[in-house]
Amino acid sequence: MFWADKLLEKIEGKQVINDSFTPSGIVHMGSLKGPVIHDTLAKVLREKKVDTEFRYGFDDMDPIDGLPANLMESHGKYMGQPLFMAEGLEKGETFGGHFSKMMEGLLNQLDIKPDFLYRTSVLYKEGVFNKAIKIVLDDVDKVRKVYEDMYKKKLSDTWYPFQVICPNCKKLGTTKVINWDGEKVEYECLPNLVIWAKGCGQKGKISPYDGKGKMVWKVEWAAKWFTFGVTIEGAGKDHASAGGSYDIAMELVEKVFKTKKPLKLAYEFFLSGGKKMSSSKGLGITGDELLKVVGSERARFLMIKTEPNVAVEFSPKGTDGIPALFDQYQSFANSKDKDHQRVIQFSKTAQKENLPDIRFSTIAQLAQMPNAQDKIKKYEEWAEYAKVWVEKYAPESEKFTIQKELPKEVKNLSKEQKKLLSKISSEIFKDLHAEEFQTKIYELGKELGLNGKQTFSAIYNSLLGKDHGPKAAWLILSLDKDFVKKRFEEVSND
Ligand SMILES: [Zn+2]
C-alpha cells in the first residue's frame, strides 16, 4: 500500500496539518521534502473526504544565527536579530521576507497550496500565541521538568523558555529571561550568551505578549500544535532523533499544554554518494535548480516514491542520477501496479505534460543533434529538462557537440577506419531508415575487418571528437547530409 494511504488508514475526525520553514537562506532541495510530504497527506485526506486544514508557516521570528560568507559584510550587523526585522537583499523587503518569497514560489510550482500561509512574526504580533506564552511562563516548572527528564540534567530556577527582542539593540538571540512576575518578564541582553552575536548589556522588564519576544523553538513548536490544534506534523531526521526537539515538543504538548500529541512521522534526508546532502559541502542542488532540471512532477516523485523514513540516494551532478529519475518516473507511470499509480497520482501537478515513449537519455542525445529538433518536438517539456541536464549536470561522456572544424582526434584513425568513412559517405544519400543504415554501417566495417567499436568510433571521432556517442545512424541522419559527406571525405583523404 502507498505509504500515505497506510499512514492515514485509520485516521478519524478533523485533521490539521502543519509544516514550517525558517527563511534564513537559499532553499536547498532537501527543504522541499517536508512540504511535498505534508501536501501529499493533505491531498490523500481530502480524497477520503476528511475535513482537513493545511497550514504552512515561515518562522521569521527566529534570529539570524549564521550567514553565508558573501552576506557577512552587508548583513553581519543583523546577526541575532529576528529574520523579519533584518533588512532584505533587495529594497523594500526583509531578510526573512526575501527567502519566504523564494520558498513560496517553489511551493507554487510544486502545486502546494496550503489553506493558511502564515508568518510566525505576524501571529506573535497579533497575539495569537499570547495564551501559549502565558502557559509556558506560569507553568515554567513543568517545562523545565520535561527538559530535565529528557536530558537528565537540572535546569536553573532562572531558566525561562522565552526570549525578548531587546528594545535597545533589536537582537533576540542575545537575550535571556530570568524572571516572570505574571505581567512582565525580566530580561538581560548579554554580550556573551552566544558566540554568533553580541548583546548590548541592556536590562529591564517588558510584557512578553504581542510580538515583544518569542518562545524558544522546541517550546514554540509545541505551542503551535496547541494553538492551531495540529494533529499531523512530520519532522526531518535532524529533529526527529531520539531525545531531539521533536520528542521534546511531543512531551511538552502533552504535559504542559495538556493536548494530544500529533501523529508522528519522521522523514529521512537525501544522500549524495552515500553522504548527507548539504549545501555547505556543495553536495546536491537548490530547490530552484532541481525544478529547472527535473520539473515539478519528478521533484514531487523523488520526495514521495519511497517511504519517508528511507534515505533516498540522489546525486545529480556528473552522474546519470537525473536520467535514472526520469526512467523510474516513466516506469511508474506505465506500471499497472496500484502503489506505483498512487505515487504518480500525487506526483502530478497542474502543469500538464506528455509522457514520452522514449527514454530521457535518448531525448538528451537528440536534443544535442542540430537537425533532430523536430523529432523531440512532441516531448517539448522533457526536451527542455534534457537541455538543462546536458548543459549543467551531465557527465562529459554524455555531452556531444558536433565539431565545426575537423577534430584532431581523427589523426589516430586507422587506414581501414578512414576507408570505412569514405564508404559510408556514399551511402548517405540512399534514403535508408535509421535501423537499416545502422546495420549497413556495421556490415561495411565488418567487410574491412573492423569490430563494432572500431567502426563506430571512426564516426564519433570524425563528428564529435570523441570515441563514443549516441547511436551512429541516428546521429548521421540528424545532420546535414552534405556536411557529413564533406567531413567524412575530408577525414578519409587526410
Ligand atoms: Zn540589546
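Here, residues in each chain are numbered from 1, in the same order as that chain's written sequence. Where local features are concerned, this predicted model is filtered to residues with pLDDT of at least 70; where side-chain atom pairs are given and counted, the filter is 80 or more; whole-chain, interface and lining totals use all residues.

Engineer: What is the right way to look at the overall build of the protein in this model?
Structural biologist: Numbered from the N terminus, helices here are DSSP runs of H or I no shorter than four residues, and strands are runs of E no shorter than two. In terms of regular secondary structure, the protein is built from 20 helices and 13 strands. Over its C-alpha trace the protein gives a radius of gyration of 30 Å, far above what one expects of a compact globule, namely 23 Å for 494 residues. By principal-axis analysis of the C-alpha atoms, the protein measures approximately 95 × 50 × 40 Å. Counting only contacts in the protein whose residues sit at least 6 apart along the sequence, the fraction spanning at least 24 positions is 69%. It is over C-alpha atoms that the radius of gyration is taken, and the globule rule equals 2.2 Å times the number of residues to the power 0.38. Working definition of a contact: two residues with C-beta atoms, positioned from the backbone, lying within 7 Å.

Engineer: Could you clarify how one ought to interpret the sheet that holds strand β5 (residues 175–180) in this entry?
Structural biologist: Strands pair in a sheet through their backbones, by hydrogen bonds, and they do so in one of two ways: parallel or antiparallel. Across the sheet, which stays open at both edges, the 3 strands sit in the order β5-β6-β7 with antiparallel pairing between neighbours. Each edge of the open sheet is held by one strand with a lone partner, namely β5 and β7 (203–206). Pairwise comparison of adjacent strand axes, ignoring direction, gives a mean angle of 30° for this sheet. The criterion for strand pairing is that DSSP finds at least two bridges linking the strands in question. The pairing of strand β6 (residues 185–189) with β7 spans 4 bridges and is antiparallel. Bridged to V185 within β7 is I206. Lines fitted to C-alpha atoms define the axes here, with helix axes fitted over just the stretch in contact, and angles between the N-to-C directions of these axes take values from 0 to 180 degrees.

Engineer: Would you mind showing me how to read unusual backbone geometry here?
Structural biologist: Negative phi is the rule for most residues except glycine; trans is the rule for most peptide bonds. In this structure, K49 is a non-glycine residue whose phi angle is positive, near 60°. Considering the arrangement of structural elements, one finds K49 in the loop between α2 (33–47) and β2 (52–58). Counting other C-beta atoms within 10 Å of a residue's C-beta gives its exposure: the residue is buried at 20 or more, exposed at 12 or fewer, and partly exposed in between, where C-beta atoms are placed from the backbone. Overall, the presence of 7 C-beta atoms within 10 Å leaves K49 in the exposed class. Here the phi dihedral of D431 falls at roughly 60°; this positive angle occurs in a residue that is not glycine. Looking at where D431 falls in the secondary structure, it is placed in the loop between α16 (415–425) and α17 (434–447). Since 9 C-beta atoms lie within 10 Å of it, D431 is described here as exposed.

Engineer: Before we go on, may I ask you to explain the sheet that holds strand β11 (residues 270–272) in this structure?
Structural biologist: The strand order across the open sheet formed by 3 strands is β12-β11-β13, and the pairing between neighbours is mixed. The sheet terminates laterally at β12 (275–276) and β13 (312–313), the two strands that pair on one side only.

Engineer: Just checking my understanding: could you explain the packing of helix α11 (residues 287–304) against helix α12 (residues 321–333) for this structure?
Structural biologist: In a pair of packed helices, the angle between the axes and the distance between the axes together describe the arrangement. Interhelical geometry of α11 versus α12 gives an angle of 65° and a closest axis separation of 10 Å. α12 is crossed by α11, and the crossing has left-handed handedness. Touching V293, V294, E297, R298, F301 and L302 of α11 are I322, L325, F326 and Y329, all from α12. Less than a right angle of anticlockwise turn of the near helix away from the far helix marks a crossing as left-handed, whereas a clockwise turn marks it as right-handed.

Engineer: Quick question: what am I supposed to make of the domain arrangement of the protein here?
Structural biologist: The figure often quoted for interface size is the accessible area lost as the parts come together. The domains assigned to the protein are domain 1 (271–397) and domain 2 (401–492). Computed over C-alpha atoms only, the centres of domain 1 and domain 2 are separated by 32 Å. Of the residues lining the interface, 6 residues belong to domain 1; the matching set on domain 2 comes to 7 residues. Grouping the amino acids of the side of domain 1 that touches domain 2 by side-chain chemistry returns 3 nonpolar, 3 polar and no charged. Here the bounds of each domain stem from an automatic or database domain assignment. Any residue that is not Ala, Val, Leu, Ile, Met, Phe, Trp, Tyr, Cys, Pro, Asp, Glu, Lys or Arg is counted as polar, Gly included; the first ten are nonpolar and the last four charged.

Engineer: Would you take a moment to explain the nonpolar core for this structure?
Structural biologist: Nonpolar side chains in soluble globular proteins tend to be buried together. Formed by 127 residues in total, the largest nonpolar core has its most connected members in V136, A222, L252 and I363. With 9 residues, α11 is the largest single contributor of residues to this core. When residues of this core are assigned to domains, at least three fall in each of domain 1 (271–397) and domain 2 (401–492). Residues in contact with V136, not counting those within four places in the same chain, are V143, P161, F162, M215, V219, A223 and V256. The term nonpolar core means buried Ala, Val, Leu, Ile, Met, Phe, Trp, Tyr and Cys residues held together as one set by C-beta atoms within 7 Å.

Engineer: What am I meant to see in the pairing of strand β1 (residues 15–21) here?
Structural biologist: Burial analysis of β1 places 6 of its 7 residues in the buried class, which makes it a mostly covered element. For β1 and β2, the ladder comprises 7 bridges, and the chain directions are parallel. Each bridged residue has a counterpart across the sheet, and for D19 the counterpart in β2 is Y56. A crossover links β1 with its parallel partner β2, the connecting element being α2, and its sense is right-handed. For a crossover, the right-handed case is the one in which the path from the first strand over the helix to the second runs clockwise, viewed with the strands pointing away from the viewer.

Engineer: Could you clarify how one ought to interpret the environment of G318 in this entry?
Structural biologist: As for its position among the elements, G318 is in the loop between β13 and α12. Taking the C-alpha atoms as reference points, G318 and K392, separated by 74 residues in sequence, lie 8.6 Å from one another. Each residue touching G318, except ones within four places of it in the same chain, is listed here: Y393 and P395.

Engineer: Explain the packing of α2 against α11 here, please?
Structural biologist: Contact pair α2 / α11: the axes reach a minimum separation of 9 Å and the direction vectors enclose 85°. Of the possible angle classes, the one that applies to α2 and α11 is roughly perpendicular. Contacts from K33, V36, I37 and T40 in α2 reach R300, M303 and I304 in α11. Considered class by class, the residues forming the contact of α2 with α11 number 4 nonpolar, 1 polar and 2 charged. Any angle from 65 to 115 degrees is called roughly perpendicular, while one under 35 is roughly parallel, one over 145 is roughly antiparallel, and all others are oblique.

Engineer: Where do I start with helix α10 (residues 245–255) in this structure?
Structural biologist: Two residues of an α-helix separated by three or four positions point the same way, owing to the 3.6 residues in each turn. Of all the residues in α10, the buried ones are Y246, I248, A249, L252 and V253. Seen from one end, α10 has its buried residues packed into an arc of 160°, which puts them on one side. Along its buried surface, α10 packs onto α7 (140–151), α8 (217–228), β9 (235–236) and α9 (237–240). Relevant arc is that of directions from the helix axis to the C-beta atoms, nothing else.

Engineer: Would you explain helix α18 (residues 452–464) in this entry?
Structural biologist: For α18, built from 13 residues, the straight-helix expectation of 18 Å at 1.5 Å per residue is met to within 8% by its first-to-last C-alpha distance of 17 Å. Along α18, the residues classified as buried are T455, F456, S457, A458, I459, N461, S462, L463 and L464. Considering only its buried residues, α18 is in contact with α16, α17, α19 (472–478) and α20 (481–492). In the segment just after α18, G465 is the residue with positive phi, at about 75°. The span expected for a helix works out to 1.5 Å for each residue beyond the first.

Engineer: Would you take a moment to explain the environment of E183 for this structure?
Structural biologist: As for its position among the elements, E183 is in the loop between β5 and β6. Assessed through the 9 C-beta atoms surrounding it within 10 Å, E183 is described here as exposed.

Engineer: Sorry if this is basic, but what is going on with the environment of E435 here?
Structural biologist: Tracing the backbone through its elements, the reader meets E435 in helix α17. Distance from E435 to W474, taken between C-alpha atoms, is 8.4 Å for residues 39 residues apart in sequence.

Engineer: Can you help me understand the pairing of β2 in this one?
Structural biologist: Moving residue by residue along a regular strand, the side chains alternate between the two faces of the sheet. For β2, a buried count of 6 out of 7 residues is recorded, marking the element as mostly surrounded by other parts of the structure. Pairing geometry for β2 and strand β3 (residues 116–119), over 4 bridges, is parallel. If you follow R55 over to β3, its bridge partner there is F116.

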